[in-house]
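The lines below spell out each chain.
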2 protein chains.
Amino acid sequence: MSITTEYQVTGMSCGHCESSVRAEVSKLAGVESIEVNAGDGRLVVTSASALADADVLAAVDEAGYRAARL
Amino acid sequence: MSITTEYQVTGMSCGHCESSVRAEVSKLAGVESIEVNAGDGRLVVTSASALADADVLAAVDEAGYRAARL
């Protein structure tokens, strides 16, 4: 079973921004897939086991954006 | 003497976009400095000798944007 968690990211404006977020979040252990959309700011992370929200938020911060768990 | 030429670029939305344009234009021979601003779309290229506009426009196109000579 995989776990899917949604976050709201603010500040992304284009595909480069999406790529930056994707690159950082993909470094987290256990991440299986990532959907990220600059248009609505939605980030959907699927992982093998539950991720710590703080880790996901830190990854987004590392990319230069702010996120909140939905 | 250096030559400064201005172009209007459409489609840039953020610093990543600026970086993409800068990276491509900087590959052109003779380019000394580049100013690029996603806010107003202005691209200012300084070069040791006159650049062919077509080369600058092609570089911007390669980055994924459109430009016109001002």
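Overview of the structure.

## Regarding the interface of chain A and chain B
The interface of chain A with chain B comprises 6 residues on the first partner and 6 residues on the second. Taking both sides of the interface into account, the surface hidden between chain A and chain B amounts to around 410 Å²; carbon and sulfur atoms contribute 56%. Interface area lost by chain A to chain B is led by Ser13, Cys14 and His16 of chain A, which between them contribute 76%. Scanning the region where chain A abuts chain B turns up 0 salt bridges. Across the contact surface, chain A and chain B share 5 residue pairs in polar contact (both at pLDDT 80 or more). A breakdown of the residues in the side of chain A that touches chain B according to their chemical character gives 3 nonpolar, 3 polar and no charged.

## As for the sheet that holds strand S4 (residues 66–69) of chain A
Residues and elements named next belong to chain A. Taking strand neighbours across the sheet as the criterion, the 4 strands line up as S2-S3-S1-S4 in an open arrangement whose pairing is antiparallel. For this open sheet the edge positions go to strand S2 (31–36) and S4, each flanked by a neighbour on one side alone. Strand after strand, the sheet turns through a mean of 25° between neighbouring axes, direction not considered. Bridge count for S2 against strand S3 (residues 42–47) is 5 bridges, and the pairing is antiparallel. Opposite Val36, over in S3, you have Leu43 as the bridge partner. Along the sheet face, helix H2 (residues 53–63) touches strand S1 (3–10), S3 and S4 and points at about 160° away from the line of S4.

## Observations regarding the pairing of S3 of chain A
Regular strands show a simple pattern: their side chains alternate between the two faces of the sheet. All names here are of chain A. Within S3, 5 of the 6 residues are buried, leaving the element largely enclosed by the surrounding structure. Pairing analysis gives 6 bridges linking S1 to S3, with the strands arranged antiparallel. Bridge pairing links Ile3 to Ser47 in S3. Hairpin connection of S2 to S3: 5 residues between the antiparallel strands, including Gly41 at a positive phi of 75°.

The rules behind the values
- The residue numbers shown here count from 1 along each chain, following its written sequence.
- All chains are assigned letters beginning at A, and all ligands numbers beginning at 1, according to the order in which they are written.
- The predicted origin of the model limits local features to residues at a pLDDT of at least 70 and limits the giving and counting of side-chain atom pairs to 80 or more, whereas totals for whole chains, interfaces and linings rest on all residues.
- Heavy atoms from the whole structure form the basis of all side-chain values; hydrogens and water molecules are not counted.
- Throughout, a residue-residue contact means that at least one pair of heavy atoms, one from each residue, lies within 4.5 Å.
- Buried area is a sum: the accessible area each of two parts loses on coming together, probed at 1.4 Å, counted once for each and added.
- Salt bridges are identified by distance alone: a Lys or Arg side-chain nitrogen within 4 Å of an Asp or Glu carboxyl oxygen.
- By the criterion applied in these results, polar contacts are pairs of N or O atoms within 3.5 Å in which, for protein atoms, one can donate a hydrogen and the other can accept it, and in which residues neighboring in sequence qualify only through two side-chain atoms.
- Under the grouping applied here, Gly and all other residues not named as nonpolar or charged are polar, the nonpolar ones being Ala, Val, Leu, Ile, Met, Phe, Trp, Tyr, Cys and Pro and the charged ones Asp, Glu, Lys and Arg.
- Pairing between strands requires that DSSP locate at least two bridges from one strand to the other.
- The helix and strand labels rest on DSSP assignments: H or I over at least four residues marks a helix, E over at least two residues marks a strand, and numbering proceeds from the N terminus.
- Lines fitted to C-alpha atoms define the axes here, with helix axes fitted over just the stretch in contact, and angles between the N-to-C directions of these axes take values from 0 to 180 degrees.
- Here's how the labels work: a residue is buried when its accessible area is under 20% of the maximum for its type, exposed when over 50%, partly exposed in between, all with a 1.4 Å probe on protein chains only.

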